[in-house]
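As a plain string of letters, each chain reads:
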Amino acid sequence: MKKKFTAFLSILLVMGCLAGCGNAQSTEDTSQAKPNEQDASTPEPAAKEDADAQASKEPVTIHLFHQKQEAQETFAQIIEAFQKEYPYITVEQEIVTNDPASILRARVATDETPDIFQGALDTMDIASGGYIMDLAGEPFLNNINEEVLSDSSFTDGDGHVWALPIDGSCEGIFYNKEIFQKLDLTPPTTLSELDHVIEVLEKNKITPFALGFKDSWTIKPITLVVVSPAIYAKQDDWNELKTSGQSSFADTPEWKTTFDILKKVYDHGNTKTAFDTDYNGACNMIAQGEAAMMVQGLWALEPIKSINSDINLGMMAMPVSENPEDTKLFQFPDFGLSISANTKNPEECKLFLEYLTRQDTASLWCSSSMLFSAIKNVSVDFDPLAADVNAYIDSGMICTQADRGWPTAFQTEYEASLSEYILGHDSLENILARLDTAWDTAVKAAQ
């Protein structure tokens, strides 16, 4: 599996760039893309016949639900082009950034499942309830890199495909290369080296880490960049060991390390304003040089560059020990889309997913969202920062994401524990014990 995943990412990174596109807007509201006006030019006879056939079909509206706020504008362009080809289909996109998983589960529970919705950590749970259409065997899956499809968290061991993977991402530490060069700093590979970087930055009155904890989801990535290499890169069956009672949060030293590093980042960031600053505010901090580093996923590159296109950013892995060999960057299939099993317009939904797997559409997507494409023969050469990621891949210093195998019900308890710890509301001993109980409870509930 690890070899396949490495191959997938290597394939993605060596492809040449095919297209570029503008910036995406950020929103927490819903938006609707309307059908494009008909081209005024006179179509060729064959095209006219096809257009007439499309126009004769009954109008159909499909509802697209996702949380990718930075992709709103790009999706609007894709939808506009799709509706020009299929004028009888209207695609309404709804972007929900405030607890989208809970909102989606509520929709599913009330039989209001969107026609197409974003695949996420609970995709497998939703699929097990019979709410997602199995895409296995659909011709458009042939457009996906085989390594992506086989290693995707949207494909189960029985060969069912519950979401179409569209791109791939990574999480690590963004850092301002100009600040590092000015202070003669290099990316740390051990915890003591990280402490040195923090010390030098603070002596020069530069905030080490930009924090946007007003959006609580931004806290979790800091722990994922630690626990993924610290535990799962060495013991990829830790989840199974925990479930079978052979391991625990309390008895795994690396979990203490994970929480300790989270506290380190918090203590050496904009600590006093962290819970008053949102995700966009943190992106602004690093874009304006007000902080030297930010722990985030690759998706943050676009909003940072939209604020300061000239910033010289790098990407590095988080040190997790005094052994440089443990410092690995983790990468994973990111954005995917599922079709509701109960949609009234299955064929139209499939047409939209097929459209997303076309090379020109995928090129537009990856160049504007600044992510690796899951589509065959599509570029990822979107920014010089990609060279840093490539260096980790070439050296084999990568690992996969930890939380994709966690019980869905456990995720909420885990995320709540993070702010409790850094704010000193409870001891780490109690928190780890609670996580053990929450995991066991979530596993039983899912059985």
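Residues numbered from 1 in each chain as written. Predicted model: local features only at pLDDT ≥ 70, side-chain atom pairs only at ≥ 80, totals over all residues. Heavy atoms only, no water.

A short note on the overall build of the protein chain
- Check the secondary structure of the protein chain and you find 18 helices and twelve strands.
- Across the 447 residues in the protein chain, those meeting the buried criterion constitute 55%.
- Considering only contacts within the protein chain whose residues lie at least 6 apart along the sequence, 80% involve residues at least 24 apart.
- Of the roughly 19,100 Å² of accessible surface on the protein chain, 47% is carried by carbon and sulfur atoms. (Helix = DSSP H or I, 4+ residues; strand = E, 2+ residues; numbered from the N terminus. Buried < 20%, exposed > 50% of the residue type's maximum accessible area, 1.4 Å probe, protein only. Contact = heavy atoms within 4.5 Å. Areas by Shrake-Rupley, 256 points an atom, 1.4 Å probe, with all protein chains shown as cover.)

Here we look at the sheet that holds strand β2 (residues 89-95)
- Spatially, β2-β1-β3-β10-β4 is the arrangement adopted by the five strands of the open sheet, whose pairing is mixed. Across the chains shown, the open sheet's two edge strands, defined by having one partner strand only, are β2 and β4 (164-165).
- With two bridges joining them, strand β1 (residues 60-66) and strand β3 (residues 116-118) adopt parallel strand pairing. Bridging across to β3, Phe-65 finds its partner in Phe-117.
- In the packing of helix α3 (residues 72-85) onto the sheet, the strands contacted are β1, β2 and β10 (336-339), and the crossing angle to β2 comes to about 170°.
- Sitting on the sheet, helix α4 (residues 100-109) is in contact with β1, β2 and β3, with an inclination near 140° to β1. (Pairing = 2+ DSSP bridges. Axes fitted to C-alpha atoms, helices over the stretch in contact; angles between N-to-C directions.)

So, the pattern of salt bridges
- In total, this model carries 19 salt bridges according to the counting rule given.
- We note a salt bridge from Arg-358 to Glu-354, for which the minimum N-O separation is 3.1 Å.
- Taking relative accessible area as the criterion, Arg-358 reaches 23% and is therefore assigned partly exposed.
- Of the charged contacts in the structure, one is a salt bridge between Asp-426 and Arg-434, with a shortest N-O distance of 2.7 Å.
- Taking relative accessible area as the criterion, Arg-434 reaches 27% and is therefore assigned partly exposed. (Salt bridge = Lys/Arg side-chain N within 4 Å of Asp/Glu carboxyl O.)

Structural notes on the packing of aromatic side chains
- Tallied over the full model, the rule gives 27 aromatic pairs.
- Judged by centre distance (6.1 Å) and plane angle (50°), the ring pair of Trp-255 and Trp-406 falls under tilted. Taken together, the positions of Trp-255 in helix α11 (residues 253-267) and Trp-406 in the loop between β12 (398-400) and α17 (408-422) put the pair 151 residues apart, joining distant regions of the chain. (Phe/Tyr/Trp six-rings, centres within 6.5 Å; stacked < 30°, edge-to-face > 60°.)

Comments concerning the confidence of the model for the protein chain
- Put simply, the protein chain has an average pLDDT of 85, and 86% of its residues get 70 or more.
- Low confidence marks residues 1-43, where pLDDT is under 50. Its contacts with residues over four positions away, or in another chain, come to 105 contacts. (pLDDT = per-residue confidence, 0-100.)

Details of the nonpolar core
- Among the nonpolar cores identified, the biggest contains 89 residues, and Phe-174, Trp-255, Phe-259, Met-293 and Ile-304 are the most heavily contacted of them.
- In this view, Met-293 contacts Ile-173, Phe-174, Tyr-175, Phe-180, Val-197, Leu-201, Pro-208, Phe-209, Ala-210, Ile-286 and Met-316; residues no more than four positions away in its chain are not counted.
- Counting 38 residues, the second largest nonpolar core, distinct from the first, contains Val-91, Leu-164, Phe-352 and Leu-364. (Core = buried A, V, L, I, M, F, W, Y, C linked by side-chain atoms within 4.5 Å.)

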